[in-house]
Each structure stands twice: as structure tokens, then as C-alpha cells.
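# Commentary on secondary and tertiary structure
Here is how the chains run, residue by residue.
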There are 2 protein chains.
Amino acid sequence: MPKPPLPPEADAMLRKPNPAVIATLRKDGSPHTAATWYDWDGSRVLVNMAETRLRLDNMRRDDRVCLTVMDGSSWYRQLTLYGRVVEIADDDDLSGIDRLSQRYTRQPFGNRGTKRVNAWIELDGWYGWENSIAWPTG
Amino acid sequence: MPKPPLPPEADAMLRKPNPAVIATLRKDGSPHTAATWYDWDGSRVLVNMAETRLRLDNMRRDDRVCLTVMDGSSWYRQLTLYGRVVEIADDDDLSGIDRLSQRYTRQPFGNRGTKRVNAWIELDGWYGWENSIAWPTG
């Protein structure tokens with residue numbers, strides 16, 4: 001499996017507000033998937049959840065996650081990111097979800113009444129695919 | 001978690017060739033995700049992989065999978081399907097991958113030289129989301 005740092009074309013793709021799906025592990029070890037907003041700061045992935053979300057409990061129990069990000073212009077161009085949740089922090093001022101909402105919708109997040117939580121993910125490895133062909137790994 | 005059978009609107013969504021991401025479990029129990037074509041026959045999900053794909057090894061070892069399907073017209077409309085792989089069979093005549101390729105591209109699958117495998121998934125439960133609101137469960 002290719003290791004970080006990501007090559008420039010993967011970094012560039014992650015900087016765009018693409019659709020993504022994150023997998024976490026349920027209590028019984030089975031996988032759980034959910035579509036998610038994310039941000040990428042060049043080394044870590046930010047996701048944000050309502051405090052009540054199942055995947056937050058999952059991350060608190062087991063830090064291992066996997067994301068597949070699909071290029072917004074063609075979902076046949078994909079990055080899969082393996083990683084660990086290294087930080088979970090209450091998003092008391094909603095700055096985390098606003099950051100994501102601005103990125104995806106260019107507006108502050110609409111629902112101001114729900115407690116939210118940020119989770120930061122460090123990468124252990126990645127794969128890239130385009131039309132079923134693996135990306136060059138650098 | 002809502003149980004099958006799926007309500008009509010979920011069934012109707014799954015019958016369309018939507019982008020999807022499937023999670024399987026790696027040998028160490030960590031999650032693996034990959035974008036995938038799928039088909040839906042009203043009770044089971046079909047996926048198909050090149051014989052060399054990591055997720056096929058994962059499915060042979062642990063039958064527990066999860067898929068998130070995003071509506072092709074808006075990825076904010078999503079279905080997450082929990083299930084088990086109940087059948088894995090060589091796709092010797094490529095009829096499985098051709099079925100998926102016709103569904104997604106209206107053409108037979110282009111790469112005829114690679115061994116492929118069908119996997120059928122039975123559902124244990126599902127969630128639907130639209131703009132972060134859970135679907136009515138019927």
C-alpha cells in the first residue's frame with residue numbers, strides 16, 4: 001500500500017469538496033459506512049458529526065477508519081484513504097462544521113442547535129483509482 | 001435499525017445505477033472501502049470484482065459488508081445497507097460484469113481478459129438519509 005505523503009495530484013483532488021464515504025467499525029466489529037463532508041489540510045482529514053451519530057461512538061471505541069473520496073467531476077476517479085482518528089474534540093462554536101459547510105455550500109451551517117464534534121484523521125496509506133486503473137504511486 | 005424489506009422509495013433508488021462505496025473488513029479487522037458498481041434485484045445486491053481485488057479476499061474471510069449508495073442526482077440523498085455476502089461465484093462468462101456494465105454504461109464490459117467474481121449480498125438492515133434527515137422507515 002502506498003504511504004503518505006500523498007503525491008500532488010492526490011493532494012489536489014482532496015482539496016476539492018468531493019463526495020466521500022467513511023467507514024468505521026461497529027461494536028461487533030462489522031463495518032459501518034456513511035457519506036460525509038471532509039476537509040484536508042495537507043496531512044490530516046477533518047470530518048464533523050452530530051454528537052448523536054453512530055459513527056462517532058464507533059470512532060471513540062476503535063480509531064481505525066477508511067474513506068473513499070470520489071472526484072466530483074467523475075466518480076470513476078477515486079482515492080481510498082486508510083487512517084486512524086487521532087483527535088476528537090467538541091465543536092462548541094460550530095467552527096468545524098462551518099468550515100466544512102463553507103467549503104461545500106459556501107454558507108455557514110444551517111442547523112445551529114445541534115451539538116457537533118470534530119474528528120481528525122491521520123493517514124497510514126492510500127490507493128488511487130481511475131477507471132479501475134491504479135494511480136501511479138510516485 | 002430498520003429491517004428489510006425496503007420501502008418503495010429505497011427500492012426505486014437502488015434500481016438506478018448510482019455511485020456506491022462498499023466496506024469490507026481487512027485481515028486485521030480494520031475497514032476497507034472501495035467505490036463499486038452494484039445491481040439490486042429487489043432483495044439482494046450484486047457486486048463484481050476482478051479476482052485480484054483486496055475486497056474479494058476480505059469477503060471470503062469475513063462476510064460482513066456495508067454499502068453506502070448515493071443518489072446519482074444528489075449525493076445528499078443516501079442509503080446505507082448492512083449485509084452479509086451469501087454467495088461468491090466465479091463470473092466465468094463475464095455475464096455478471098456485463099450486467100453491471102450495461103446498467104452503468106449501456107455497453108458490455110471492455111476488459112475481457114481478466115477473471116472476475118460475483119458476490120451476492122443479503123441485507124440485515126438499512127438507513128436512508130436526505131440532507132442529514134433520516135428517511136421515514138415505513
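Rules used in this analysis
- Residues numbered from 1 in each chain as written.
- Chains lettered and ligands numbered in written order.
- Predicted model: local features only at pLDDT ≥ 70, side-chain atom pairs only at ≥ 80, totals over all residues.
- Helix = DSSP H or I, 4+ residues; strand = E, 2+ residues; numbered from the N terminus.
- Buried ≥ 20, exposed ≤ 12 C-beta atoms within 10 Å, placed from the backbone.
- Contact = placed C-beta atoms within 7 Å.
- Nonpolar A, V, L, I, M, F, W, Y, C, P; charged D, E, K, R; others polar.
- Pairing = 2+ DSSP bridges.

## Concerning the overall build of chain A
Check the secondary structure of chain A and you find three helices and eight strands. If you list the helices and strands of chain A from N to C, you get α-β-β-β-β-α-β-β-α-β-β. Considering only C-alpha atoms, chain A reaches an extent of 45 × 40 × 20 Å along its principal axes. By residue count, 41% of the 138 residues in chain A fall in the buried class. Across chain A, the fraction of contacts at a sequence separation of at least 24, relative to all contacts at a separation of at least 6, is 67%.

## Remarks on unusual backbone geometry
When glycine is set aside, most residues are seen to have a negative phi, and most peptide bonds are trans. Cis geometry marks the peptide bond from Pro4 of chain A to Pro5 of chain A; its omega dihedral reads 5°. You can see Pro5 of chain A is positioned in the segment before α1 (8–14). At Leu94 of chain B, a position not held by glycine, the phi torsion is positive, near 60°. As for its placement among the helices and strands, Leu94 of chain B is situated in the loop between β6 (74–90) and α3 (95–105).

## What to know about the interface of chain A and chain B
In this complex, chain A contributes 21 residues to the contact, which on the side of chain B involves 21 residues. Those elements that place two or more of their residues in the side of chain A that touches chain B are β1 (20–25), β2 (31–35), β5 (64–71) and β6 (74–90) of chain A. Broken down by element, the residue count for the side of chain A that touches chain B peaks at six residues, all from β5 of chain A. For the side of chain A that touches chain B, the per-class residue count stands at 12 nonpolar, eight polar and one charged.

## Overview of the pairing of strand β7 (residues 116–130) of chain B
All names here are of chain B. The pairing of strand β4 (residues 44–50) with β7 spans seven bridges and is classified as antiparallel. Within β7, the residue paired with Asn48 across the bridge is Asn118. Looking at chain direction, β6 and β7 are connected through 13 bridges and run antiparallel. Within β7, the position partnered with Thr80 by the bridge is Tyr127. Here β7 pairs with strand β8 (residues 133–134) via two bridges, running antiparallel.

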